[in-house]
Amino acid sequence: MPRVAIIGGGIGGLTAANALSQAGIEVAVYEAAAELREIGAGVALHANAMRVLRGIGVEDGVRKVAGRSEWAVTRNGKTGRVISRTSRKQQATAFGLQSATVHRADLLDVLADALPPGLVTLGKRCTRVEPDGATAVARFADGSEIEADVIIGADGIHSAVRTSLFGPDDPRFTGKICYRSVIPTAAVSGSSPSADNGQWLGPHGTIVLYPLRGEELINVVCHYDDDGYRHESWITECSREEVLERYAGWHESLLRLFAAGNTWYKWALYDRDPIPRWTRGRVTLLGDAAHPMLPYLGQGACQALEDGAVLATALTAEAADPLTGLDRYERTRRPRASRVVLTARERGLSNHLASPWATMRRDLLIAMRRRLNRRDPEGRGAGWLAEYDATSPDVLAAP
């Protein structure tokens, strides 16, 4: 079996480490931070992601810390009119298991606890990789280096591994921004907020809400068209008053919820085209390092989980020839991930419609799809996402 080094100890990197370790592959993880940690935000895990978590044996642990909701509801952001309503039971019937929503830190803890001890080394910021020798080399900011048969760049959207392989990327500003907060349910004044997994569509924007840790917390992500703010950072704070002013005129339950949020963050959304290659020599990419995408499908983490499962299958199937294993991994994953990137881009346009006529047409199409296709319970034409099984032994492209 090859020796594998993973650069990055986030959700994608630790999922890959679990899958590889359980396949009997020697693996080590190198994380830049001094501790394993995630930002204070939630993550949606659709059925395709939950299959991977089941496959590596952590589904039950994830569901214990997940939010509780019975319905996924899409509404008009101003009037509250229900556009579509799908039960968790409908999702399970359509795709074989239910989705979940969890705090990113809770998911990372579950993944880390499932690993054998000693696999993760902290405080190791990778600066470059050398992919083309008899072994691959990763060099770190502290002057150290490691060798491995395979190196996986799972170091996020601003990946040093990707830059080392292919040069800097070329992001384009979308003209859209996001606000986010995690709000204690008990802090909301008036009637208790709905525990639904909710999406609110309005002119020039989308709001996504879902519960975390049972119904203790509500994860809030608010999108809006704004070409004046261009800073791409998840950790830049903004005022609550800015958020309330931005969504003035939206449904009163949303504004009541927003008023209970003490800490808000703001970032600009940048779009990146699918890259033509993920692999060079003995080094490949995974997750946001390979396919950064807009958040409109809730598939960023899900696709990273899929990557980790397929990577383990490919390297196991080609244990004697890791280069062939990496080739099969990329040829399996890159077409699907690229399709997700482009579909997320399209969904962002659909969600932000400002014309009443265009909005009515979109909502009618959602209703028609739900009625005509049981494999599309949300009516958005994305059943192909949830039904994918990255853990299937038949998932690999032919050698």
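From a predicted model like this one, the values you see are computed outputs, not experimental measurements. (Residues numbered from 1 in each chain as written. Predicted model: local features only at pLDDT ≥ 70, side-chain atom pairs only at ≥ 80, totals over all residues. Heavy atoms only, no water.)

Draft legend 1. Broad picture of the environment of Pro116. Here Pro116 is to be found in the loop between α5 (104-113) and β7 (120-121). With a relative accessible area of 38%, Pro116 lands in the partly exposed category. Distance from Pro116 to Ser21, taken between C-alpha atoms, is 8.2 Å for residues 95 residues apart in sequence. (Helix = DSSP H or I, 4+ residues; strand = E, 2+ residues; numbered from the N terminus. Buried < 20%, exposed > 50% of the residue type's maximum accessible area, 1.4 Å probe, protein only.)

Draft legend 2. Main features of the state of the cysteines. The final tally for this structure, using the stated rule, is zero disulfides. Free cysteine Cys222: the closest other cysteine sulfur is in Cys178, separated by 8.2 Å. Judged by its relative accessible area of 0%, Cys222 is buried. (Disulfide = S-S within 2.5 Å.)

Draft legend 3. Summary view of the packing of aromatic side chains. On inspection of all chains with the given rule, the structure shows nine aromatic pairs. Between Tyr247 and Trp250, the ring centres sit 5.2 Å apart and the planes meet at 85°, which makes this aromatic pair edge-to-face. In terms of burial, Tyr247 and Trp250 fall into one category: buried. Here the aromatic rings of Tyr247 and Phe258 are separated by 5.8 Å at their centres, their planes lie at 70°, and the arrangement is edge-to-face. Of this pair, Tyr247 sits in the loop between α7 (240-246) and α8 (252-259) while Phe258 sits in helix α8; the two residues are 11 residues apart in sequence, bridging distant segments of the chain. Residue Tyr247 shares its accessibility class with Phe258, and that shared class is buried. Among the aromatic residues, those joined into a cluster by ring pairs are Tyr179, Tyr224, Tyr247, Trp250, Phe258 and Trp264. Here the basic side chain of Arg85 rests over the ring of Trp71, its NZ or CZ set 3.6 Å away from the ring centre. (Phe/Tyr/Trp six-rings, centres within 6.5 Å; stacked < 30°, edge-to-face > 60°. Lys NZ or Arg CZ within 6 Å of the ring centre and 35° of its normal.)

Draft legend 4. Structural detail: the environment of Glu26. Secondary-structure assignment places Glu26 in strand β2 (residues 26-30). Spatially, the C-alpha atom of Glu26 lies 33 Å from that of Leu294, the residues being 268 residues apart in sequence. Sequence-distant contacts of Glu26, that is, excluding residues within four places in its chain, are made with Pro2, Arg3 and Val4. (Contact = heavy atoms within 4.5 Å.)

Draft legend 5. The packing of helix α9 (residues 300-317) against helix α10 (residues 322-351), seen in detail. Taken N-terminus to C-terminus, the directions of α9 and α10 make an angle of 155°; their axes are 8 Å apart at the nearest point. As far as their axial angle goes, α10 and α9 are roughly antiparallel. Crossing geometry of α9 relative to α10 is assigned as right-handed. Across the interface between the two elements, Gln303, Glu306, Asp307, Val310, Leu311, Ala314, Leu315 and Ala317 of α9 pack against Pro322, Gly325, Leu326, Arg328, Tyr329, Thr332, Arg333, Arg336, Ala337 and Val340 of α10. (Axes fitted to C-alpha atoms, helices over the stretch in contact; angles between N-to-C directions. Parallel < 35°, antiparallel > 145°, perpendicular 65-115°, else oblique. Left-handed = near helix turned anticlockwise from the far one by under 90°.)

Draft legend 6. Expanded view of α9. For α9, built from 18 residues, the straight-helix expectation of 26 Å at 1.5 Å per residue is met to within 8% by its first-to-last C-alpha distance of 26 Å. When you tally the buried positions in α9, you get 14 out of 18 residues, the bulk of the element. (Expected span 1.5 Å × (residues − 1).)

Draft legend 7. View of the nonpolar core. Counting residues in hydrophobic clusters, the biggest one holds 72 residues, and the most contacted among them are Ile6, Leu53 and Ile151. It is α9 that contributes the most residues to this core, nine residues altogether. If sequence neighbours within four positions are ignored, Ile6 has contacts with Gly13, Ala16, Ala17, Leu20, Val27, Ala28, Val29, Tyr30, Ile152 and Ala154. Within the second largest apolar cluster, 24 residues are counted, among which are Ile177, Val220, Cys238 and Phe258. (Core = buried A, V, L, I, M, F, W, Y, C linked by side-chain atoms within 4.5 Å.)

Draft legend 8. Up close: the sheet that holds strand β18 (residues 283-285). Read from one edge of the open sheet, five strands run β7-β2-β1-β11-β18, paired in parallel fashion. On the outer flanks of this sheet lie β7 and β18, each paired with one strand and no other. With two bridges connecting them, β2 and β7 associate as parallel partners. Looking at the pairing, Tyr30 lines up with Thr121 of β7. Contacts from α10 reach β11 (150-153) and β18 within the one sheet, and its direction differs from that of β18 by about 20°. (Pairing = 2+ DSSP bridges.)

Draft legend 9. Local environment of the packing of helix α1 (residues 11-22) against α9. Their axes nearest at 8 Å, the elements α1 and α9 cross at an angle of 30°. Classified by the angle their axes make, α1 and α9 are roughly parallel. Of the two elements, α1 crosses α9, and the hand of that crossing is right-handed. Residue-level contacts link Ile11, Gly12, Thr15, Ala16, Ala19 and Leu20 of α1 to Ala304, Leu305, Gly308, Ala309, Leu311, Ala312 and Leu315 of α9. Of the residues assigned to the contact of α1 with α9, the class counts are 10 nonpolar, three polar and no charged. (Nonpolar A, V, L, I, M, F, W, Y, C, P; charged D, E, K, R; others polar.)

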